[in-house]
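# Architecture and fold: a report
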Amino acid sequence: WMILMGVVPSFRANAQYHIPQKLKWWYNDRFGMFIHFGSYSFLAHGEWAFSIEHWKKADYQQQVSSHFNPSKFDANEIVQLAKDAGMKYIVITAKHHEGFSMWDTKVKSFKDVTGKKKYSLQRFTPFGKRDVLMELKKACDAAGIKFCLYYSILDWSHSSQEISHINGSTYSTMKSDEARTAYIRDMKAQLKELIDRYHPASLWFDGDWTYNAGQPTLEKWWTKSDGVNLYNYLIKLDPNLVVNERVCRSFGLGDYECPEQKVPDAPLSRPWETCQTINHSWGYNKNDHDYKSTKALIQKLVKVVSRDGNYLLNIGPKGDGTVPEQTADSLKAIGKWMAVYGESIYGTTRSPFKTEPAWGFYTKKEGKLFAHVFAWPQNGVLSIPALKNSITKVYLMGDPDKALDYSVKDGKVQISLPTNAPDGDDSVVVLDVAGAP
Ligand code: JFZ
């Protein structure tokens, strides 16, 4: 027994971290929709066009922002797409790096270069007074989807910041200490507006990268203590607010980690989320037609959850507010899989084993182990390490009434599979367990 006890834990994964009460919904939901939508959507060159194309502030505002008119924006349609795809929360850009506010901000200093107009959707465009964030918030509430907001700390339009375009990157330097203090005060006022008006379940910060690979985009005007201070300010306004680590990244601040466009090799020391694009762009880019396959997207979601992460998948609506057809098609295809297999994602956590199998990934919850089989075994046998508690039933997730034969011996569970994989993207084999798997 002693020997066995010593051997068994060694190939089991590390213990899970504690999840604070306020984070429980987020940790349970596992799959969300990111929406990059701003005046850049009109130009249709992605959300970094201002920087990459070296625009002058005045030209960008006149030729891009002032033409943004998302009159076909339909919150219900977008929320329905998210819901059908099995996404449980939505994070939309309230203000991206370009500095354009998607809501009718009352904070005075967020103006265009002339200083005469508010630089917002409602005051700077032909769109009029519709409140798209509120429309989305209401549609989310009605659908039981959590509504969350993205906010960029750096701001390429704000008068406090000197902009220089160097090698396709844009550096934002504070004009003076007074400008810095005033900007941070005004940014906090905007965030209070957003919290008071939309009660977001979560705030997703970005544009904080003081120490980005030796390229201090913010010229060090945004520091760790600013990040700590901002987090504390927000939590005072709403103790339940979930905030990402990018209030000032790489210091372990906020409530969860944000490794971007990459999936860590193993679970991290605290909860994490990866945000990813469906093609290669966040903001709508009319030249980007290179979409990931449904299979790649589903398998990525599974891999992320098996390593205890959340998956935030991005859409970039067009300037008129409509969702590109290929994006909608991708979401619908994911939704078809989620309709059958969603319960192997929601409320599940990391694989119970340290080693990942060659054929796919594991997710688990109390009473269930889900074997996500990407590569269906040629010999008709799926081999799994022995579990902590006894197995009561094994079956294919799409066919729960038909029990599969299995044997348990020599520390292994051997399951007999049908010849053909039931799902080309990911077939899930379920093991019902009397307790934790
Ligand atoms: C940032 C933004 O600049 C971008 O426009 C988009 O909003 C994205 C979600 O976030 O881009 C980043 C930020 C961090 C990394 C890479 C791109 N990173 O840490 O590798």
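Residue numbers run consecutively from 1 along every chain, following the written order of its sequence. Residues qualify for local features only when their pLDDT is at least 70, as the model is predicted, and side-chain atom pairs are given and counted only at 80 or more; totals for whole chains, interfaces and linings, by contrast, use all residues. Computation of side-chain values covers all heavy atoms of the structure but excludes hydrogens and water.

### Quick word on the sheet that holds strand 10 (residues 360-365)
Reading across from one edge, 10-11-17-13-14 is the order of the five strands in this open sheet, with antiparallel pairing throughout. One side of each edge strand has no neighbouring strand; the edge strands of this open sheet are strand 10 and strand 14 (399-403). Strand-to-strand twist in this sheet, taken as the mean axis angle between neighbours without regard to direction, amounts to 30°. Think of it this way: DSSP has to see at least two bridges between two strands before they count as a pair. Helix numbers and strand numbers start at the N terminus; a helix is a DSSP run of H or I with at least 4 residues, a strand a run of E with at least 2. By the bridge criterion, six bridges tie strand 11 (residues 368-373) to strand 17 (residues 427-433) in an arrangement that is antiparallel. Across the sheet, H372 pairs through a bridge with V428, a residue of strand 17. In what follows, residue pairs with any heavy atoms lying within 4.5 Å of each other are defined as contacts. Convention adopted: a line fitted to C-alpha atoms gives each axis, helices being fitted over their contacting stretch, and angles between N-to-C directions are expressed from 0 to 180 degrees. Across the sheet, helix 11 (residues 294-306) is in contact with strand 10 and strand 11; its angle to strand 10 comes to roughly 55°.

### Observations concerning the site of the ligand
Whether a residue is near a molecule or strand depends on its heavy atoms: it is near if one of them lies within 4 Å of it. Every one of the 13 residues lining the ligand counts as a neighbour, but H36, E47, W48, H97 and D206 are closest to it. Take D206: an N or O atom from its side chain is 2.8 Å from an oxygen atom of the ligand. A distance of 3.1 Å is found between an oxygen atom of the ligand and a side-chain nitrogen or oxygen belonging to R249. Computed by Shrake-Rupley with a 1.4 Å probe, the accessible areas treat only the displayed protein chains as cover when residues are assessed. The fraction of the free accessible surface of the ligand (450 Å²) that becomes covered by protein chains is 77%. Class assignment of the residues belonging to the shell around the ligand gives a composition of five nonpolar, three polar and five charged. As used in this structure description, the phrase polar contact means that two N or O atoms lie within 3.5 Å; if the pair is within protein, one of them must be able to donate a hydrogen and the other to accept it, and residues adjacent in sequence are counted only when both atoms belong to side chains. Side-chain classes follow a simple rule in which Ala, Val, Leu, Ile, Met, Phe, Trp, Tyr, Cys and Pro form the nonpolar group, Asp, Glu, Lys and Arg form the charged group, and the remainder, Gly included, forms the polar group.

### Section: the packing of aromatic side chains
Here is the rule: rings of Phe, Tyr and Trp (six-membered ring for Trp) pair when centre to centre is within 6.5 Å. Planes less than 30 degrees apart are stacked, more than 60 are edge-to-face, and the remainder are tilted. Taken as a whole and assessed by the stated rule, the structure comprises 26 aromatic pairs. Summarising the aromatic geometry, the rings of W25 and Y89 are spaced 5.9 Å apart at their centres and angled 80° between planes, so their arrangement reads as edge-to-face. Taken as a pair, W25 in helix 2 (residues 24-29) and Y89 in strand 2 (residues 89-95) lie far apart in primary sequence, 64 residues in all. Its relative accessible area of 17% is what places W25 among the buried residues. Each residue is placed in one exposure class: buried if its accessible area under a 1.4 Å probe, protein chains only, is under 20% of its type's maximum, exposed if it is over 50%, and partly exposed if it falls in between. Judged by relative accessible area, Y89 falls into the buried class, the value being 1%.

In short, the description is geometric, and any link to function would need to be established separately.
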